[in-house]
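# Structural overview
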Amino acid sequence: KGFQLTMGSLAEDIDGKSVPVIDFSQKDEKVAKAIDRALRTWGAFVCTGHGVDDELSEAVFAEGKKFFEQVSEETKQKLHIRHNGARWRGYMPIGGERSHGGKTRDLKAGLYLGEDHAADHPYVKQGLPLWGGNVLPDKELPNMRELFNAYIKQVKQLGDRTMDLISIGLGLPEKTIQDRITENDAISIVRMWYYPPQGSVPHAEVKQGEGTKGKQKTEGVSKHVAEKEWGIGAHSDYGLWTIIRTDAEGLEFQHPEYGWSKVPFIKNSFVMNAGDVLDRLTGGRYKSRFHRAMNHSSKHPRMSMPFFYDPSWEAKMMTLPILSTTVPTDETTESRNARWGKTKITCDFDGKVRYKEFLAKKVANVFPDLVPKELLVNLKSTSAPSTRHAIAVPVTTKQEKASEDK
């Protein structure tokens, strides 16, 4: 139930027991109400009627598939993320990301992307993480850059509109989140994932407590992990908002009452979900749920393109001014705090911490040269850096670059 859908039903929950589908082509008030209901329960929904050009999206996925299947391994290695510094762009091989505290590999390869910032952008000049140009095989795939830039621009605009709809659903002025949190220039972290067919890549070792025998010690590890590997294991998203386009089923979300549920796959739709930061910004009203993904096919790859739409670099992390009578909280303080305890966020959302402190600590293991240890320990945003990323990226400091230029 919930998989055979008609356009007339797309703004309604089918039965409440599966991730809902919302048609964005309807009136804003109706869409905002449906988003509010979805985020207070599942923390996610499938978006149709979104306005992103379907032909453009399909061309982007076709170009991405060419990259993973036709571009030579030699070229991919030249584009490897370890060669591209703090901009954090380029090719990531299978095994470059891990789940469950860094203990199990994710069965996916990736292309790290973002907005194609010019060299004279002030943040690029400062060498800040995430700012810079995309690293693409322009000779082999000359259309890729233009296609990806057009797609990223349209999806970011969709993110902007979604923030307005979320603000309305919270009973706030329409531009509240854009004015206070993204500051009308959200950080765009984009990935293209290639999940190879099951069985096409030798299995990685599954460590004690994460496999199929004995008590399952790690939340979200499937009992059939010995037969099939997850493309990405159970996790919640770190930031504000995620917008995902994919070409096949395989994504699942976890509900506290209904357990793991397959997300309805609807061609040309986007799956959207709240991240840990939005959960905190709304005082727990909108839930950041655990989710995972797998390519179930042993014959065909699965492609996915998540767009992480995050607060601006300088945004103050402060709880939104929501009236409890406008958006009721449907869980106890104890259960909310227990859910929050599964994340690494440690600061109070009182405006004293800016989002750049979250990002600096998140990527500290990726860029060990970027943030001095004495500064890292004083960042109050989170308890520890992310363990997802297995590849450390060297960063040339300003002093080293000056020395090289002499």
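Just so it is clear, the model here is predicted, and its values are computed rather than measured.

Between the first and last C-alpha of helix H2 (residues 54-70) there are 24 Å, a value that for 17 residues agrees with the 24 Å anticipated at 1.5 Å per step. Within the sequence span of H2, burial applies to Leu 56, Ser 57, Val 60, Phe 61, Glu 63, Gly 64, Phe 67 and Phe 68. Viewed end-on, H2 has its buried residues packed into an arc of 160°, placing them on one side of the element. Among the exposed residues of H2, those oriented more than 90 degrees off its buried face are Glu 55 and Gln 70.

Viewed as axis vectors pointing N to C, helix H1 (residues 28-41) and helix H5 (residues 144-169) meet at an angle of 80°, and their least axial separation amounts to 8 Å. Our classification of the angle between H1 and H5 gives roughly perpendicular. Here Asp 28, Val 31, Ala 32, Ile 35, Asp 36 and Leu 39 of H1 come into contact with H5, specifically with Arg 161, Leu 165, Ile 166, Ile 168 and Gly 169. In terms of residue class, the contact of H1 with H5 is built from 7 nonpolar, 1 polar and 3 charged.

Quick look at the layout of surface pockets now. The method is simple in principle: a probe with the dimensions of a water molecule rolls over the atoms, and the space it marks as empty is what remains. Considering only enclosed or pocket space, the largest pocket measures out at about 1000 Å³ in volume. His 235, Ser 236, Asp 237, Tyr 238 and Arg 388 are, among the 48 residues lining the largest pocket, the residues nearest its centre. Counting residues per element, the ones that place at least two in the lining of the largest pocket are strand E4 (98-99), strand E7 (187-195), strand E8 (232-235), strand E9 (241-246), strand E13 (291-293), strand E14 (302-310) and helix H9 (355-362). Residues belonging to the lining of the largest pocket are distributed by class as follows: 19 nonpolar, 16 polar and 13 charged.

Position of Ser 381 relative to the elements: it lies in the loop between helix H10 (373-376) and helix H11 (398-405). Those residues within four positions of Ser 381 in sequence are excluded, and the remaining contacts are Lys 344, Ile 345, Thr 346, Cys 347, Val 353, Glu 357, Phe 358 and Lys 361.

Turning our eyes to something else, we now look at the packing of aromatic side chains. The description of an aromatic ring pair uses the distance of the two centres, along with the angle that the planes make with each other. In the structure shown here, the tally under the stated rule is 15 aromatic pairs. Each ring, one from Phe 45 and one from Trp 241, has its centre 6.0 Å from the other, and the planes form 45°; the classification is tilted. In this pair, Phe 45 sits in strand E2 (residues 44-48) while Trp 241 sits in strand E9, placing the two residues 196 residues apart along the sequence. No difference in accessibility class separates Phe 45 from Trp 241, as the two residues are buried. An aromatic cluster is present here, built from Phe 67, Phe 68, Tyr 91 and Tyr 194 joined pairwise through their rings. Here the basic side chain of Arg 245 rests over the ring of Phe 61, its NZ or CZ set 5.8 Å away from the ring centre. Directly above the aromatic system of Tyr 238 lies the positively charged group of Lys 362, at a separation of 4.6 Å from the ring centroid.

Let us now look at the pattern of salt bridges. Summed over the entire model, instances satisfying the criterion amount to 18 salt bridges. The partner of Asp 279 in a salt bridge is Arg 339, with the nearest N and O atoms 2.2 Å apart. Placement of the pair is Asp 279 in helix H7 (residues 276-281) and Arg 339 in helix H8 (residues 333-340), with a sequence separation of 60 residues. For Asp 279, a relative accessible area of 2% gives the class buried. Linked through salt bridges whose partners overlap, the residues forming this network are Glu 97, Asp 106, Lys 108 and Arg 388.

Phe 24, Phe 45, Ile 166, Met 192 and Trp 241 are the most contacted members of the largest nonpolar core, which totals 99 residues. Element by element, the count of residues in this core is highest for H5, at 10 residues. Those residues in contact with Phe 24 that lie beyond four places of it in its chain are Val 31, Ile 35, Phe 45, Cys 47, Thr 48, Gly 49, His 50, Leu 158, Arg 161, Thr 162, Leu 165 and Met 272. Membership of the second largest hydrophobic core comes to 5 residues, among which are Ala 360, Ala 364, Val 371 and Leu 376.

Turning our eyes to something else, we now look at empty space enclosed by the protein. If you walk through the whole model with that rule in mind, you get 4 cavities of 30 Å³ or more. Its boundaries defined by the atoms lining it, the second largest cavity holds a volume of some 90 Å³. Taken together, 15 residues form the lining of the second largest cavity, with Thr 246, Ala 248, Pro 264, Phe 265 and Val 271 sitting closest to its centre. Listed by contribution, the elements that provide at least two residues to the lining of the second largest cavity are E9 and strand E12 (270-274). Among the elements that make up the lining of the second largest cavity, the one with the highest residue count is E9 (3 residues). Here the residues of the lining of the second largest cavity sort into 9 nonpolar, 3 polar and 3 charged.

Conventions adopted
- Residues numbered from 1 in each chain as written.
- Predicted model: local features only at pLDDT ≥ 70, side-chain atom pairs only at ≥ 80, totals over all residues.
- Heavy atoms only, no water.
- Helix = DSSP H or I, 4+ residues; strand = E, 2+ residues; numbered from the N terminus.
- Expected span 1.5 Å × (residues − 1).
- Buried < 20%, exposed > 50% of the residue type's maximum accessible area, 1.4 Å probe, protein only.
- Arc of directions from axis to C-beta.
- Axes fitted to C-alpha atoms, helices over the stretch in contact; angles between N-to-C directions.
- Parallel < 35°, antiparallel > 145°, perpendicular 65-115°, else oblique.
- Contact = heavy atoms within 4.5 Å.
- Nonpolar A, V, L, I, M, F, W, Y, C, P; charged D, E, K, R; others polar.
- 1 Å grid on protein atoms, 1.4 Å probe; cavity = no way out; pocket = protein on both sides within 12 Å on 5 of 7 lines; lining within 4 Å.
- Points joined across faces, edges and corners; volume = space filled by probe spheres on them.
- Phe/Tyr/Trp six-rings, centres within 6.5 Å; stacked < 30°, edge-to-face > 60°.
- Lys NZ or Arg CZ within 6 Å of the ring centre and 35° of its normal.
- Salt bridge = Lys/Arg side-chain N within 4 Å of Asp/Glu carboxyl O.
- Core = buried A, V, L, I, M, F, W, Y, C linked by side-chain atoms within 4.5 Å.

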